[in-house]
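What the coordinates show
Each chain, written out:
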Amino acid sequence: MTRTGSLAGFLSALPVVHVEAGLRSGNLHSPFPEEAHRRMITQVSALHLAPTRLAEANLRKDGLTGEAIMVTGNTVIDAVVLAGRSPAVARDPLVRKTEELGAPLVVVTAHRWENWGAPIRRICRAVAELSRRHRELIFLVAAHMNPVVHSTVETALRGLPNVLLPGPVAYDPFSRLLSRARLVITDSGGIQEEAAAFGLPVLVTRENTERAERLQQRVARLVGTQEIDIVAAAEDELAREHRDTGDYDQPRAYPNPYGDGRAGERCAAVCGWLLGHADRPSEWQPAELADAHA
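Heads up: these notes are all about the structure in this document. (Residues numbered from 1 in each chain as written. Predicted model: local features only at pLDDT ≥ 70, side-chain atom pairs only at ≥ 80, totals over all residues. Heavy atoms only, no water.)

1. Thoughts on unusual backbone geometry
Applicable threshold: Helical segments are the DSSP runs of H or I of at least four residues, strand segments are the runs of E of at least two, and each set is numbered from the N terminus.
Residue serine 30 is joined to proline 31 through a cis peptide bond whose omega torsion reads 0°. Within the secondary structure layout, proline 31 lies in the loop between strand E1 (17-19) and helix H2 (34-44). Omega for the bond connecting phenylalanine 32 with proline 33 falls within 30 degrees of zero, at 5°, which places this linkage in the cis form. Looking at the secondary structure, you find proline 33 in the loop between E1 and H2.

Right, dumping it as structure tokens:
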């Protein structure tokens, strides 16, 4: 839809503004089809709203210059923080159940088509092994609505006492669950950013990612889909959290490279500037990426 909308705007001689511009994995086929769509949209856009300095650098490598680029932060950070604070979320049955159980959460998602079949089965085997090793934790596996994914996850993990299989979870309660998690295991690009809003370490079950900022912080790790690698990385991360805090009650505070919750304001303001109705606003100035595991 995003690619279609940008093409419609271009063919209608309307200025196209690309939010979340400049994300690149470097592999045209992964993530598929997002990497290709983002590159196509760059070619027809009048204004590129880069969420981070790294995204800005990618756009400049594509030959873009001057005021065509503005760093805004990512609107997903605005959304996830707002959603997690919604008073109605506290009444959600899944949120209430996890809060009543009281145990620390590990949130797991898997849905990318690259991982369908054997890779998702391996991810599930890794989660099953971790659940047996860590009875003190709850593993919440939010299975995608696609039946290919959902059936694989249900078959592999059904019946494990500390694994919850709620199926697809709506955005607002999922945001609250993320805010209570201690570790995220995911192949989702968006969740890599959403986890950053709550300072969470992330194991990325992919071979590459277009969200490299937290890799630079060494808070996120690319672990692929081999069971042994996922288990080893999770054990290392859980041990690190336990060593640093003494328990699982308080996650470490990592700087968020993706936004400060005001990206939407900046996007709206710079669109006003593009249309000649306002002065150009100031860009987001993210803090320097720190070695969070130093």
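2. With respect to the pattern of salt bridges
Our working definition: Between Lys or Arg on one side and Asp or Glu on the other, a salt bridge is scored when a side-chain nitrogen of the former is within 4 Å of a carboxyl oxygen of the latter. For every residue, the accessible area (1.4 Å probe, protein chains only) is compared with the maximum for its type, and the residue is labelled buried under 20%, exposed over 50%, or partly exposed between those bounds.
All told, the structure shown has 24 salt bridges when counted by the stated rule. Here arginine 53 and glutamate 283 are joined by a salt bridge, their closest N and O atoms 3.3 Å apart. Of this pair, arginine 53 sits in helix H3 (residues 53-61) while glutamate 283 is found in the segment after helix H12 (263-274), placing the two residues 230 residues apart along the sequence. Aspartate 236 is the salt-bridge partner of arginine 240, the closest N and O atoms lying 3.1 Å from each other. With arginine 240 and aspartate 236 both in helix H11 (residues 227-245) and four residues apart, the pair spans about one turn of that helix. Residue class for arginine 240 comes out buried when judged on its relative accessible area of 15%. Shared partners join several salt bridges into a network, and the residues in it are Glu20, Arg38, Glu193, Arg206, Glu210 and Arg211.

3. A short note on the sheet that holds strand E7 (residues 181-186)
What counts here: When DSSP finds two or more bridges between a pair of strands, those strands are recorded as paired. Here, two residues are considered to be in contact whenever any of their heavy atoms come within 4.5 Å of each other. Angular values range over 0 to 180 degrees, each being the angle between N-to-C directions of two axes fitted as lines to C-alpha atoms, with helices fitted over their stretch in contact.
Judged by pairing direction, the sheet is parallel, and its six strands sit side by side in the order E6-E5-E4-E7-E8-E9 without closing on themselves. Each edge of the open sheet is held by one strand with a lone partner, namely strand E6 (163-164) and strand E9 (220-222). Alignment of strand E5 (residues 138-141) against E6, held across two bridges, turns out to be parallel. Following the sheet pairing, leucine 140 is matched in E6 by leucine 164. Helix-sheet contacts for helix H6 (residues 118-133) involve strand E4 (105-108), E5, E6 and E7, and the interaxial angle to E5 is about 160°.

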